[in-house]
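The lines below spell out each chain.
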Amino acid sequence: MMPRAELLKDIVADLRMAASFVTILPVASSKPAGDGAIARATWALSVAGLLVGLAGAFVYMVAIRVGLTPNLAALLALATTALITGALHEDGLADTADGLGGGRTRERKLEIMRDSRIGTYGVCALILSFGLRWSALGAIANPWAVMLALCAAHTAARAGVPAFMSLVPPARPDGLSASAGAPPGRSVAIAFAVGTLVLALTLGPGKALAGLIVLSLAGLLLARLAIRQIGGQTGDILGAFEQTSEILILLVAASFQSGR
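Every value quoted in this text rests on a predicted model; they were computed, and no experiment measured them. (Residues numbered from 1 in each chain as written. Predicted model: local features only at pLDDT ≥ 70, side-chain atom pairs only at ≥ 80, totals over all residues. Heavy atoms only, no water.)

Here we look at the pattern of salt bridges
Line of reasoning, step 1. Applying the stated criterion across every chain, the model contains 5 salt bridges.
Line of reasoning, step 2. Between E111 and R108 there is a salt bridge, with the nearest N and O atoms lying 3.2 Å from each other. With E111 and R108 both in helix α6 (residues 106–114) and 3 residues apart, this pair spans about one turn of that helix.
Line of reasoning, step 3. We classify E111 as partly exposed; its relative accessible area is 49%. (Salt bridge = Lys/Arg side-chain N within 4 Å of Asp/Glu carboxyl O. Helix = DSSP H or I, 4+ residues; strand = E, 2+ residues; numbered from the N terminus. Buried < 20%, exposed > 50% of the residue type's maximum accessible area, 1.4 Å probe, protein only.)

Some remarks on unusual backbone geometry
Line of reasoning, step 1. Residues other than glycine seldom take positive phi values, yet A87 does so here, at roughly 55°.
Line of reasoning, step 2. Looking at the secondary structure, you find A87 in the loop between α4 (70–85) and α5 (88–102).
Line of reasoning, step 3. The backbone of A141 sits at a positive phi, close to 70°, despite the residue not being glycine.
Line of reasoning, step 4. Structurally, A141 is set in the loop between α7 (120–140) and α8 (143–159).

Here we look at helix α11 (residues 185–203)
Line of reasoning, step 1. Given a rise of 1.5 Å per residue, 19 residues ought to cover 27 Å, and the 26 Å separating the end C-alpha atoms of α11 matches this to within 8%.
Line of reasoning, step 2. Of all the residues in α11, the buried ones are S187, V188, A191, G195, V198, L199, T202 and L203. Along the axis of α11, the buried residues cluster in a sector spanning 110°; they form a single face. In α11, the exposed positions that point more than 90 degrees away from the buried face belong to G185, R186, L197 and L201.
Line of reasoning, step 3. Looking at the residues trailing α11, positive phi occurs at G204, about 95°. (Expected span 1.5 Å × (residues − 1). Arc of directions from axis to C-beta.)

Any functional reading would require information that these geometric values do not contain.
Next comes the structure, spelled out in structure tokens:
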């Protein structure tokens, strides 16, 4: 059995590694990135997502406190989360939309996804992403409810990434996704548990169940699409998965909110 001090050290290292991958914060782990360390640390992506959601919620609350409207506050909250993450997931969404929408062959789709330039499909995907999230937060409006929704969305959206990586093979032998490897079952289970717990605590059991259902369906559809068109997943596909999941959770939160 691993000593408690060693276990704590590994947990902190995993948290730092996960945060360094999904944020621009200078918290890189001292643990070597090779030997499956990245895959094992994927359980901590959900925790890093929770921190991103809290940052966006804090900005939203401050904006409301100084007298801004919910719509303006929502825009500032989204800008904050994009800034903290370096728009990593938005970039993946745009590249995925350009590649899957614009390429005719598997090779051309992968080539487009590696191109740093953004095309029409990518622009449309980003407009939809920001528009839907902004509208959802504006509809929720209440600062406390927005905080809970942002925490739920950013945590759950990243909690599903390890499972997606484990179930969908890499589309190519190189790249970030392939080099990271498949997360072990323990990391997948911990991430799922954290995401489910946060969903239940922030949105309630019924809403959490609805969120899990729509996330599962969206993940299966994206997985099938990625496998059929490019043979598997890439870092950009994972970014698209996160963005889709984030949008869906916020829409679930907004729909239940407006229905009260």
